[in-house]
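Given next are the chains, with one letter for each unit.
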Amino acid sequence: YEIRSVTGVQTCALPISESDPLRPSLTWRQDVPVSERFDDPYFSRENGLEETRHTFLRGNDLPERLRPGFHIAELGFGTGLNLMALAAIAPCPSE
């Protein structure tokens, strides 16, 4: 697998064969993945992490709502940036 730092957040990707039909067709432009099919960046070229913080975290009031027993069902299977940004602010569960 590959580990890549995207706007200060590390993401990893499992290897997918070049011929795998589920492999997304993307290119990297200025450290941002861009869909070749739609010519659309996966997140802001200027600051993807800040975009995630604004739209996903603050847009859903997640910093205020996080508490034990709170669950999030994230259906976006993109870069994992939402997950990594959430993990950075989530309190660690105590035993």
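Keep in mind the model is a prediction, meaning the values are calculated, not measured.

Draft legend 1. The side chain of serine 35, seen in detail. Looking at where serine 35 falls in the secondary structure, it is placed in strand E4 (residues 32-35). On the basis of relative accessibility, which here comes to 10%, the residue serine 35 falls in the buried class. In terms of polar contacts, serine 35 uses its side chain to reach the backbone amide nitrogen of phenylalanine 38, at 3.1 Å. Each residue touching serine 35, except ones within four places of it in the same chain, is listed here: Ser25, Leu26, Asp40 and Tyr42.

Draft legend 2. Examining helix H3 (residues 81-89) more closely. Residues Leu81, Ala85 and Leu86 constitute the buried set of H3. On an axial view of H3, the arc spanned by its buried residues comes to 130°, and they lie on one face.

Draft legend 3. Structural context of unusual backbone geometry. Positive phi, normally seen in glycine, also occurs at aspartate 39, with a value near 50°. Tracing the backbone shows aspartate 39 in the loop between E4 and strand E5 (40-41). Residue classification places aspartate 39 among the partly exposed residues on the basis of a relative accessible area of 49%. One non-glycine residue, aspartate 61, adopts positive backbone phi at about 55°.

Draft legend 4. Representation of the sheet that holds E5. Taken together, 3 strands build an open sheet; the order of strands is E3-E4-E5 and the sheet is antiparallel. Of all the strands in the sheet, just strand E3 (26-29) and E5 have a single pairing partner and so form its edges. Alignment of E3 against E4, held across 4 bridges, turns out to be antiparallel. Paired with arginine 29 across the two strands is valine 32, which belongs to E4.

Rules used throughout
- Residues numbered from 1 in each chain as written.
- Predicted model: local features only at pLDDT ≥ 70, side-chain atom pairs only at ≥ 80, totals over all residues.
- Heavy atoms only, no water.
- Helix = DSSP H or I, 4+ residues; strand = E, 2+ residues; numbered from the N terminus.
- Buried < 20%, exposed > 50% of the residue type's maximum accessible area, 1.4 Å probe, protein only.
- Polar contact = N/O pair within 3.5 Å; in protein donor to acceptor, adjacent residues only side chain to side chain.
- Contact = heavy atoms within 4.5 Å.
- Arc of directions from axis to C-beta.
- Pairing = 2+ DSSP bridges.

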